[in-house]
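Letter by letter, the chains look like this.
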Amino acid sequence: MQNKKQKTESGRCENYAKYEYKKSSYEQTYDVFQLLRQDGLLCDIKLKADDNKIIIAHKVVLASASPYFYAMFTKFSEQNHDLVVIRQIDSTALHLLINFIYSGKIVVTKDNVQILLPAANLLQLEEVTEVCCEFLQSQLCPTNCIGIYTIADLHSRTKLLTSSELYIQQHFLEVVGGDEFLSLSSEQVVKLISSDKLIVSSEEKVFESVIRWVKHELGSRKCVLPQLMEHVRLPLTSKNYILNKVVEEPLIKNCYECKKHINEALNFHMFNSELIPINIRHKPRYGDKVLLDIGGIEPKCTEWYDPKMDQWNFGPEIITSRHRSCAALVKDNLVFAVGGMDDERQCLRSVEVLDVSSDSLCWKPSVEMLVERMDFGVGVINNYLYAVGGRNRSHLALDNAEVFNNNTQEWRMICNMSITRSHVGVGVLNNLLFAVGGFNHALWEDTCINIVNTVNTVECYHPSLNKWTEVAKMCEHRSSAGVGVLDGVLYAVGGYDGNKLLNSVEAYRPSTGIWTPIGDMHLPRQCAGVVALDGLLYVVGGEDLSTNLNAVECYNPKTNTWTIVAPLRNTKQHSRGVVAINRTGFFKTC
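Residues numbered from 1 in each chain as written. Predicted model: local features only at pLDDT ≥ 70, side-chain atom pairs only at ≥ 80, totals over all residues. Heavy atoms only, no water.

Here the focus is the overall build of the protein. Summing up its helical and strand segments, the protein has 17 helices and 29 strands in all. Sorting the 590 residues of the protein into buried and exposed places 51% on the buried side. Nonlocal contacts in the protein, meaning residues at least 24 apart in sequence, comprise 56% of its contacts between residues at least 6 apart. Carbon together with sulfur atoms contributes 50% to the accessible area of the protein, which is approximately 27,800 Å² in total. (Helix = DSSP H or I, 4+ residues; strand = E, 2+ residues; numbered from the N terminus. Buried < 20%, exposed > 50% of the residue type's maximum accessible area, 1.4 Å probe, protein only. Contact = heavy atoms within 4.5 Å. Areas by Shrake-Rupley, 256 points an atom, 1.4 Å probe, with all protein chains shown as cover.)

Right, here's the structure in full:
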């Protein structure tokens, strides 16, 4: 035991000189209390549990540790009693908690946690309650997470409730295969399957889990099937699955109200969502998206990234070899591979399109651009595809831009930018098109780079005005920077300042109108693809001055940190062609 003596600063003959003594630990005192209790000495209270077992203690010790006992022995009639019945507490739990009050020690196990938590909650022993919750959180698994969620809800333990709910959402496939899922109420099933944060490999699994739950107690549950089907996002399943599985399911066949959801889903596929009122069933869930990357050293190769598995996989090959091409997503299902240069280093006007909602996944030719472009940028506003700047086969930097109307299948030119911009980054924020940095002169060879021609200027295009307007300059000059948008913030990532490659990143917020530096990437890079997915900003591939990069990292704005994730399977070059797409039948790893 360590004790402290503090001497006052007053002199030896001062009338008020004193020594102050402060005991630093009460452990020995409580050891004495525990010995007295064990010997039955000076005890003034007997506690009787529900099973009639008696535990003796000292009122003052209990009151010092528990607000529940403090109120009991100072404000209520029990203060004059020497026997108190403690309802709804198991004697084992009460014994452990009384020992904790005297010793400051307790061991939580899977065998006692379910009796300790409610008892500690009742006695307002917050430390023990927290320990129990931490233990339960550490034990979360697919077979017990629903039970733990129920316990947390019952005892209003917000932190444990949130973590167990998140676990259920993240492990949906394993959870719905267990017995706990079958014991849920209809209200609990609705809450689970209606969540946008449900992480599931395909919406088919949600449908199948609903059917399994209903069939478990068919007599009493079939009446709630229409209510459950309201929350199954059938339009996100394939047409073949709807026709072969959903339509043929006997429970659905015999449910008139469910058929309207089938018709909605089929119409969605038939009319490509143009004539269908959009509702929650058309919205992909959090975790229902993957990244698709096009182009690179093997220019026909595509790869897709599964964030749940942290794994890249090969995707459908594009038709034309494309280096320095761009990718864009239109109408949530059409991926466009735009421009670039071919194996003969000829600049391309050609465009290809991939319908990721199609059952036969393959690239098809689309309408050519009006201008050949490489080292340019693309953006999509209200399903109109814009191609901005870049350079042509003569390596001349361009100041022009054009827009593609997918409904009329036509390209048309729009207003020119204020300067030429090759190696420009492009992003869309608040329905405005931002052209970020780049070079503003002709490039005759890739190596002819001059720092004075690398710009830090940014301008944005207003579609309704057909006009470009300058906005705040970036903190650094950047060409070949990746540009992405996440949660209303525009990011300029890496690039080349005319002298060196950058790993720095800066963010533009319209509310402030300025660019602000954020955390640096792990690796400097240029010509990388940048895209937002599930609340994170991913930077894919690119190059440094001597090497093509397959490295991928993601930025978390909540922590202002970058994390390295699984690398591309092929070394990439100028990987500007990255988009986030809905997870459909082809893009599944499980």
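Summed over all chains, the structure comprises 20 salt bridges. In this structure, Arg 322 engages Glu 352 in a salt bridge whose closest nitrogen and oxygen atoms are separated by 3.3 Å. Highlighted residues: Arg 322 in the loop between β8 (311-314) and β9 (326-330) and Glu 352 in strand β11 (residues 351-355), separated in sequence by 30 residues. Each member of the pair, Arg 322 as well as Glu 352, is classed as buried. A salt bridge links Glu 459 to Arg 421; the nearest nitrogen and oxygen atoms lie 3.0 Å apart. (Salt bridge = Lys/Arg side-chain N within 4 Å of Asp/Glu carboxyl O.)

With that settled, the discussion passes to the pairing of strand β21 (residues 482-486). Along β21, 4 of the 5 residues are buried, which leaves the element largely enclosed by surrounding structure. Strand direction decides the pairing type here: β21 and strand β22 (residues 489-493), joined by 5 bridges, are antiparallel. In the sheet register, Gly 482 faces β22, and the bridge partner there is Val 493. What sits between β21 and β22 in their antiparallel hairpin is a turn of 2 residues, with Asp 487 showing a positive phi close to 50°. (Pairing = 2+ DSSP bridges.)

To continue, consider helix α6 (residues 126-138). Its 13 residues give α6 an end-to-end C-alpha distance of 18 Å, which sits within 8% of 18 Å, the value for a rise of 1.5 Å per residue. Within α6, the full set of buried residues consists of Val 128, Thr 129, Cys 132, Cys 133, Phe 135 and Leu 136. On an axial view of α6, the arc spanned by its buried residues comes to 160°, and they lie on one face. Residues of α6 that are buried make contact with α4 (91-103), α5 (113-122), α7 (145-154) and α8 (158-170). (Expected span 1.5 Å × (residues − 1). Arc of directions from axis to C-beta.)

This next bit is on the sheet that holds strand β14 (residues 384-388). Taken in spatial order, the 4 strands make up an open sheet running β13-β14-β15-β16, and their pairing is antiparallel. Looking along the sheet, the strands with just one partner apiece sit at the ends: β13 (377-381) and β16 (410-413). Strand-to-strand twist of the sheet, defined as the mean angle between neighbouring strand axes without regard to direction, takes the value 25°. Here 5 bridges tie β13 to β14, and the two strands are oriented antiparallel to one another. From the neighbouring strand, Ile 381 faces β14, where its bridge partner is Tyr 384. (Axes fitted to C-alpha atoms, helices over the stretch in contact; angles between N-to-C directions.)

Below, the discussion takes up the confidence of the model for the protein. It should be kept in mind that the predicted coordinates are not to be read in detail where pLDDT is low. Overall, the predicted model of the protein reaches an average pLDDT of 87, with 89% of residues at or above 70. Contacts from residues 1-11, a stretch scored under 50 in pLDDT, to residues over four places away or in other chains number 24 contacts. (pLDDT = per-residue confidence, 0-100.)

This part is about the packing of α7 against α8. Relative orientation of the contacting elements α7 and α8 amounts to 155°, with a least axis distance of 8 Å. Taken together, the axis directions place α7 and α8 in an arrangement best described as roughly antiparallel. Seen from above, α7 lies across α8 with left-handed handedness. Along its contact with α7, which presents Cys 145, Ile 146, Ile 148, Tyr 149, Ala 152 and Asp 153, the element α8 presents Leu 160, Leu 161, Ser 164, Glu 165, Tyr 167 and Ile 168. Considering only residue class, the contact of α7 with α8 consists of 9 nonpolar, 1 polar and 2 charged. (Parallel < 35°, antiparallel > 145°, perpendicular 65-115°, else oblique. Left-handed = near helix turned anticlockwise from the far one by under 90°. Nonpolar A, V, L, I, M, F, W, Y, C, P; charged D, E, K, R; others polar.)

Now for the pairing of strand β6 (residues 289-294). Of all 6 residues in β6, 5 are buried, a share of seventy percent or more. The sheet contact formed by β6 and strand β29 (residues 578-582) spans 5 bridges and is antiparallel. Bridging across to β29, Lys 289 finds its partner in Asn 582. Relative to strand β7 (residues 302-306), β6 runs antiparallel, the two sharing 4 bridges.

Let's shift gears to the packing of α5 against α6. The interhelical angle for the contact between α5 and α6, taken along N-to-C directions, is 145°, at an axis separation of 8 Å. Note that α5 runs across α6; the crossing there is left-handed. Contact with α5, carried on its side by Val 113, Leu 116, Leu 117, Ala 120 and Asn 121, involves Val 128, Thr 129, Cys 132, Cys 133, Phe 135 and Leu 136 of α6 and no other residues of that element. Classifying every residue of the contact of α5 with α6 gives 9 nonpolar, 2 polar and no charged.

A few words on the layout of surface pockets. Rolling a probe over the atoms, with the probe sized like a water molecule, indicates the empty space that remains. By volume, the largest pocket is sized at about 1,300 Å³. Leu 329, Val 485, Val 531, Ala 532 and Ala 580 are the residues nearest the centre of the largest pocket, which is lined by 42 residues in total. Taken together, the elements giving at least two residues each to the lining of the largest pocket come down to β9, β13, β17 (425-429), β21, β25 (529-533) and β29. Residue composition of the lining of the largest pocket, grouped by class: 24 nonpolar, 9 polar and 9 charged. (1 Å grid on protein atoms, 1.4 Å probe; cavity = no way out; pocket = protein on both sides within 12 Å on 5 of 7 lines; lining within 4 Å. Points joined across faces, edges and corners; volume = space filled by probe spheres on them.)

Applying the stated criterion across every chain yields a total of 13 aromatic pairs. With a centroid separation of 5.5 Å and an interplanar angle of 75°, the aromatic rings of Tyr 68 and Phe 69 are classed as edge-to-face. Residue classification places Tyr 68 among the partly exposed residues on the basis of a relative accessible area of 22%. Here Phe 69 falls in the buried class, since its relative accessible area comes to 0%. With a centroid separation of 5.8 Å and an interplanar angle of 55°, the aromatic rings of Phe 434 and Tyr 508 are classed as tilted. Of this pair, Phe 434 sits in strand β18 (residues 432-439) while Tyr 508 is found in strand β23 (residues 505-509), placing the two residues 74 residues apart along the sequence. This pair shows no difference in class: Phe 434 is buried, exactly as Tyr 508 is. (Phe/Tyr/Trp six-rings, centres within 6.5 Å; stacked < 30°, edge-to-face > 60°.)

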